[in-house]
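These are the residues of each chain, in order.
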Number of protein chains: 2
Amino acid sequence: MSESAIYLDHNATTPVLPEVVDAMLPYLREGYGNPSSAHVFGRVAREAVDEARGRVAMLIGCDAHEILFTSGGTESNNLAIRGTTEARPERRHVVTSAIEHPAVAAPCAWLERHGWDVTRVGVDGDGRVRPDAAALAMRDDTALVTIMHANNETGVLQPVAEVARAARERGAVAHTDAAQSVGKIPITVRSLGVDLLSVAGHKLYAPKGVGALYVRRDTILRPFALGAGHERGLRPGTENVASIVGLGVACERAARDLAAEAARVRALRDELWERLLASVPGLALNGHPTERLPNTLSVRFPGVPGTAVLEAAPSVAASTGSACHDGYQEPPAVIVAMGVPPPDALGAVRLTLGRGTTGADIERAAAALALAWRSLVAQGSAR
Amino acid sequence: MSESAIYLDHNATTPVLPEVVDAMLPYLREGYGNPSSAHVFGRVAREAVDEARGRVAMLIGCDAHEILFTSGGTESNNLAIRGTTEARPERRHVVTSAIEHPAVAAPCAWLERHGWDVTRVGVDGDGRVRPDAAALAMRDDTALVTIMHANNETGVLQPVAEVARAARERGAVAHTDAAQSVGKIPITVRSLGVDLLSVAGHKLYAPKGVGALYVRRDTILRPFALGAGHERGLRPGTENVASIVGLGVACERAARDLAAEAARVRALRDELWERLLASVPGLALNGHPTERLPNTLSVRFPGVPGTAVLEAAPSVAASTGSACHDGYQEPPAVIVAMGVPPPDALGAVRLTLGRGTTGADIERAAAALALAWRSLVAQGSAR
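So, a few notes on the structure that sits alongside this text. Worth saying up front: this structure is predicted, and the values here are computed from it rather than measured. (Residues numbered from 1 in each chain as written. Chains lettered and ligands numbered in written order. Predicted model: local features only at pLDDT ≥ 70, side-chain atom pairs only at ≥ 80, totals over all residues. Heavy atoms only, no water.)

Residues and elements named next belong to chain B. Inspection of every chain in the model, using the stated rule, returns zero disulfides over all chains. With no disulfide of its own, Cys62 lies closest to Cys251 among cysteine sulfurs, the gap being 10.0 Å. With relative accessibility at 11%, the residue Cys62 sits in the buried group. (Disulfide = S-S within 2.5 Å. Buried < 20%, exposed > 50% of the residue type's maximum accessible area, 1.4 Å probe, protein only.)

In structure tokens, the structure reads:
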């Protein structure tokens, strides 16, 4: 594909593990039955889906019947948010954070347009929601509290357990979008204390187009999409058997390798930071220095937009989190929400490591980024 | 898997074509980028999605930008129905048929629970909606008319073009669920005259978990799931690149082989009917004798439930369309809607052929089904 480019964009999407592809292939070839069919083709597919359900459940410490399969993190979030609020129309309030992914922020905005009150709790300078602020935002008519587990831009971990405890005390349902954290750090739904938790397959080395929603037993939820009675009547549509099998194997591998891989990637991530800091005076870190995903490094280059740095370093595949609207570059909202002045926030670059990242990659990427920054600064001062 | 079972359940799901799997594999392996990423990994994925969009468009005769990718037929139907009615809240009426798939019937029932009027047009003894009855059901406040193109149980083709013309005259949006017909018979959205048309990948030899919605340019539609701005802001979530590529190739192959394959399968289907009729006196055909999908044969065995026939013929993998509720066997609703008495409708068996079906399969299946029926009748008369 691109021999020379170093992939440091694992928070955008991950490669599919070879053993995940291998596990999927039989269900793309001979095992093509519809799990709803009563005949032998259907039974084979049904058993594969059930086995995968157990593997996903194992990774996050729940029972298999508490896992629903979806088409991905976005659908899981929509099902959690719309399904909870539709089930509890007598409660008209939702608490969320100011730094959610659009897959949570947009359904919350929809609720607001349709008569719900939505409170968005801000973050501190480290990019963390303060649990006391979240608790204060809750009311007796709060139907749902939805705070992400790890931020996609900064990797900062949010105090989900404390927030969920406060939500429970108010009788509110606690949801967390764990798309970025599942498979990267140990997670058990029991210790988080949440009722609903979203999983995105393609963030943990499973294919795109598959995800899961943990639904704690006895949680009252309505389906979002409507149709036939798949997934206990909560998620209609013929099951995506091959990708579900892939998600199961990816979860099994994540559970097996998690501790060692997190330590390895954290060391490389910290080396990348040290190398960049040594060659880019004034480089700043976005987010909490330790309460972060081990694979995520979000930095701000001084005096130069992050998009310019990445364009000048095409051997590094990473992202900025900033969006271009009408030709005008907007800084990443998550960084601005932390109190960083917008001109400084434009310097943000997100570097996210993964299973394939090597020490040589880190050395090359640090050199390329530093060189790009220096040449941009030199061009600027020459003008 | 099951060497000896003959797969006659292609309306439930189809095998994935080997060339479709081959086309997907590079995007499950090295081509893992996120199409939203600006770097080289992202561009490769974006180009693959765009190429697939053109291939799907080609099969149904529309422009590439009129195709949205979804997670399957159920999501396409939900997006069409909910997205249209949310966009037109001043109109409070929907016209549909009495024989829709649950993926259409359930969203329509949701609308009814939320204040919309829903008119369900019945079918005649051949299983067809009468276009004049559909036109009469339309009102000045009809937002949406949604009538399936081919029925999943009987294969009967519905008069979508006539219905869509009447809908246009009323200013209503015309949708058709074409999950069963796309790839089996020639379809152009222009000659059907619809504004929205749903495609399900796994019914036309693409994998499960991917589908499409044709949205005629200038059709006003709101997104159903909410999140980031993928698919022109109408369908959020990271694109399921590999499966989208697979859908594109499946559509290309369908376009190439459609005429020859339809003729081949129709001849086998008619041979199956003749063989069964010769050995099962009183066997009846469900649905119109000619205005049917070429691959679908829905019959009623006399005096014996269809489920019993299929249990007694385990070498034939087919379905009955009947559902078991609380231990009580309910006849297929679609057959009952045609005016067949419920006890007779319990005898229904759906036999649906596909690319892999051979003449030898038909001979074996006919013999096995006839033997099963005869032995059941003999057991019954022996009691």
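Once the structure has been displayed, the description carries forward.
To continue, consider the packing of helix 2 (residues 40–60) of chain B against helix 8 (residues 241–279) of chain B. Residues and elements named next belong to chain B. Their axes nearest at 8 Å, the elements helix 2 and helix 8 cross at an angle of 30°. As far as their axial angle goes, helix 8 and helix 2 are roughly parallel. Crossing angle aside, the handedness with which helix 2 passes helix 8 is left-handed. Residues Ala45, Ala48, Val49, Ala52, Arg55, Val56 and Leu59 of helix 2 touch helix 8, and the partners they reach there are Val241, Ile244, Val245, Leu247, Gly248, Val249, Cys251, Glu252, Ala254 and Ala255. (Axes fitted to C-alpha atoms, helices over the stretch in contact; angles between N-to-C directions. Helix = DSSP H or I, 4+ residues; strand = E, 2+ residues; numbered from the N terminus. Parallel < 35°, antiparallel > 145°, perpendicular 65-115°, else oblique. Left-handed = near helix turned anticlockwise from the far one by under 90°. Contact = heavy atoms within 4.5 Å.)

For the rest of this paragraph, the subject is helix 8 (residues 241–279) of chain A. Between its first and last C-alpha atoms helix 8 of chain A spans 49 Å; for 39 residues at 1.5 Å apiece the expected length is 57 Å, and the helix comes up short by more than 12%. The principal kink in helix 8 of chain A, of about 65°, is found at Leu258 of chain A. (Expected span 1.5 Å × (residues − 1). Bend = angle between axes of the 7 residues up to and from the residue.)

Its identity is not glycine, yet Asp218 of chain A carries a phi of approximately 75°, on the positive side. Inspection of the secondary structure puts Asp218 of chain A in the loop between strand 8 (211–215) and helix 8. Although it is not a glycine, Tyr205 of chain B sits at a positive phi angle of roughly 75°.

Turning our eyes to something else, we now look at the side chain of Asp195 of chain A. Residues and elements named next belong to chain A. Relative to the elements of secondary structure, Asp195 occurs in the loop between helix 7 (189–192) and strand 7 (196–200). For Asp195, a relative accessible area of 3% corresponds to the buried category. Engagement of the side chain of Asp195 in a polar contact is seen with the backbone nitrogen of Ala174, the distance being 2.8 Å. Within the structure, Asp195 has its side chain in polar contact with the side chain of Arg216 (distance 2.7 Å). Not counting the four nearest positions on each side in its chain, Asp195 is found in contact with Arg168, Ala172, Val173, Ala174, Tyr214, Val215, Arg216 and Thr219. (Polar contact = N/O pair within 3.5 Å; in protein donor to acceptor, adjacent residues only side chain to side chain.)

Attention shifts here to the nonpolar core. One finds Ile60 and Leu197 of chain A together with Ile60 and Leu197 of chain B to be the most contacted residues of the largest nonpolar core, which totals 132 residues. The next biggest cluster of nonpolar side chains, apart from the first, holds 45 residues, and it includes Trp116 of chain A together with Trp116, Leu221 and Phe224 of chain B. (Core = buried A, V, L, I, M, F, W, Y, C linked by side-chain atoms within 4.5 Å.)

The next thing to look at is the interface of chain B and chain A. At the junction of the two partners, chain B supplies 55 residues and chain A supplies 55 residues. Counting every contact that joins chain B to chain A gives one salt bridge. If you look at where chain B meets chain A, you find 14 residue pairs in polar contact (both at pLDDT 80 or more). Counting residues per element, the ones that place at least two in the side of chain B that touches chain A are helix 1 (18–28), helix 2, helix 3 (73–87) and helix 4 (102–113) of chain B. Residues that form the side of chain B that touches chain A fall into these classes: 28 nonpolar, 18 polar and nine charged. (Salt bridge = Lys/Arg side-chain N within 4 Å of Asp/Glu carboxyl O. Nonpolar A, V, L, I, M, F, W, Y, C, P; charged D, E, K, R; others polar.)

All names here are of chain A. In space, the three strands of this open sheet follow the order 9-10-14, with antiparallel pairing throughout. Every interior strand has two partners, whereas the edge strands, strand 9 (284–285) and strand 14 (348–352), have only one. Helix 8 contacts strand 9, strand 10 (296–300) and strand 14 of the sheet and is inclined by roughly 15° relative to strand 10. (Pairing = 2+ DSSP bridges.)

Moving on: the environment of Gly339 of chain A. Of note, Gly339 of chain A is situated in the loop between helix 10 (333–337) and helix 11 (342–345). Counting along the chain gives ten residues from Gly339 of chain A to Gln329 of chain A, while the straight-line C-alpha distance between them is 18 Å.

Turning to the sheet that holds strand 8 of chain A, a few remarks are in order. Residue and element names in this part refer to chain A. What the seven strands build is an open sheet, ordered 2-8-7-6-5-3-4; its pairing is mixed. Here the strands that pair on one side only, and so sit at the sheet edges, are strand 2 (67–70) and strand 4 (117–121). On average, each strand axis in the sheet is tilted by 20° relative to the strand beside it, whichever way the strands run.

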